[in-house]
Amino acid sequence: MDDRMLGLKYHNSFRGEWNLAIDIGANKGHYSELYTRLFSTVAGIEPNEDLIPLYTNLKKRFNTFNLYTQGIGDSNQGAALFYKCSDSALSGFDLDYINENIYEFHGDNPDIDISYNLKGTKVQTLDSFMHDFYPKIQLDFLKIDAEGLGPSILKGGASIIEKYAPTIQIECGHERSMLHDIGYICVAETLDNSDSVYIHASKLINKLESKNV
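Heads up: these notes are all about the structure in this document. Per-chain numbering applies: the sequence of each chain, read as written, is numbered from 1 onward. Under the rules for a predicted model, residues below a pLDDT of 70 receive no local features and side-chain atom pairs below 80 are neither given nor counted, while totals for whole chains, interfaces and linings still include all residues. To obtain the side-chain values, all non-hydrogen atoms of the structure were included, while hydrogens and water were left out.

1. Side note on the pattern of salt bridges
Working step 1: Each salt bridge in this description consists of a side-chain nitrogen of Lys or Arg and a carboxyl oxygen of Asp or Glu lying within 4 Å of one another. If you walk through the whole model with that rule in mind, you get six salt bridges.
Working step 2: For Glu17, the salt bridge identified is with Arg15, shortest N-O distance 3.5 Å.
Working step 3: With its nearest N and O atoms 3.4 Å apart, the salt bridge here joins Glu33 to Arg37.
Working step 4: Partly exposed describes any residue whose relative accessible area lies between the buried limit of under 20% and the exposed limit of over 50%, with all areas from a 1.4 Å probe on protein chains only and scaled to the type maximum. On the basis of relative accessibility, which here comes to 25%, the residue Glu33 falls in the partly exposed class.

Below, the structure written as structure tokens:
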């Protein structure tokens, strides 16, 4: 199954609400484009401004899509973004993490260029982002692909996640224990275990109870 469809399949099964989807680490917009066909509002968050031209057509086709060229983290402050114009997959705020994972993208290539451009970028918490841009819209789906910053994003979005209990599709590491601690259950993983889909236990229980009525 297409990785983009995995989270949506389980979201449809256990939640089935299609208000707001947030795509953190939108990269080239492949996930955001799919979300715009299903959700009433989609926010793509991608701090690498060199990718903006890729979203021009998406914004023209779907007036429900909005792009935010900033980062999401555990505090409201600026941060240094390391990025490569030629490789959108290798950009982020944690250079150590990027360098540790560089061969995942390129293999064991001794000639790979590991130099980066550097610029200051706005960062705010998910709680703050929702307050500023979507204070009256229910968050139903959250996708996080942020090159090692998942724990910071979850920490900075604790209030909004508790409020709405959205379906979460995320690159998982330390995030697993964080999500379990706040009531989330892993319902699916991609074949390469790079992404996991989490549904809040309350949504699973509600679905089971509705089937037994």
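Once you've had a look at it, read on.
2. Description of the packing of aromatic side chains
Working step 1: Two rings from Phe, Tyr or Trp (for Trp, the six-membered ring) form a pair when their centres sit within 6.5 Å of each other. Planes less than 30 degrees apart are called stacked, planes more than 60 degrees apart edge-to-face, and all others tilted. Within this structure, the stated rule accounts for 11 aromatic pairs.
Working step 2: On the numbers, 6.0 Å between centres and 50 degrees between planes, the contact of Phe129 with Tyr134 is tilted.
Working step 3: Exposure remark for Phe129: the relative accessible area of 0% places this residue in the buried category.
Working step 4: Taken together, the ring pairs connect Trp18, Tyr31, Tyr35, Phe39 and Phe141 into an aromatic cluster.
Working step 5: Over the aromatic face of Tyr31 sits the side chain of Lys143, whose NZ or CZ is 4.6 Å from the ring centroid. A ring has a charge above it when a Lys NZ or an Arg CZ is no more than 6 Å from the ring centre and no more than 35 degrees off the ring normal.

3. Regarding the nonpolar core
Working step 1: Here the nonpolar core consists of buried residues drawn from Ala, Val, Leu, Ile, Met, Phe, Trp, Tyr and Cys, with membership extended through side-chain atoms lying within 4.5 Å. One finds Ile22, Ile24, Leu126, Phe129 and Met130 to be the most contacted residues of the largest nonpolar core, which totals 28 residues.
Working step 2: Broken down by secondary-structure element, the contributors of at least two residues to this core are β1 (20-24), β2 (41-45), α6 (126-133), β8 (139-144), α7 (150-156), α8 (158-164) and β9 (167-171).
Working step 3: Counting 15 residues, the second-largest nonpolar core is a separate cluster that includes Ala21, Ala26, Phe62 and Phe141. Elements are defined by DSSP. Helices are runs of H or I of four residues or more, strands are runs of E of two residues or more, and each kind is numbered from the N terminus.

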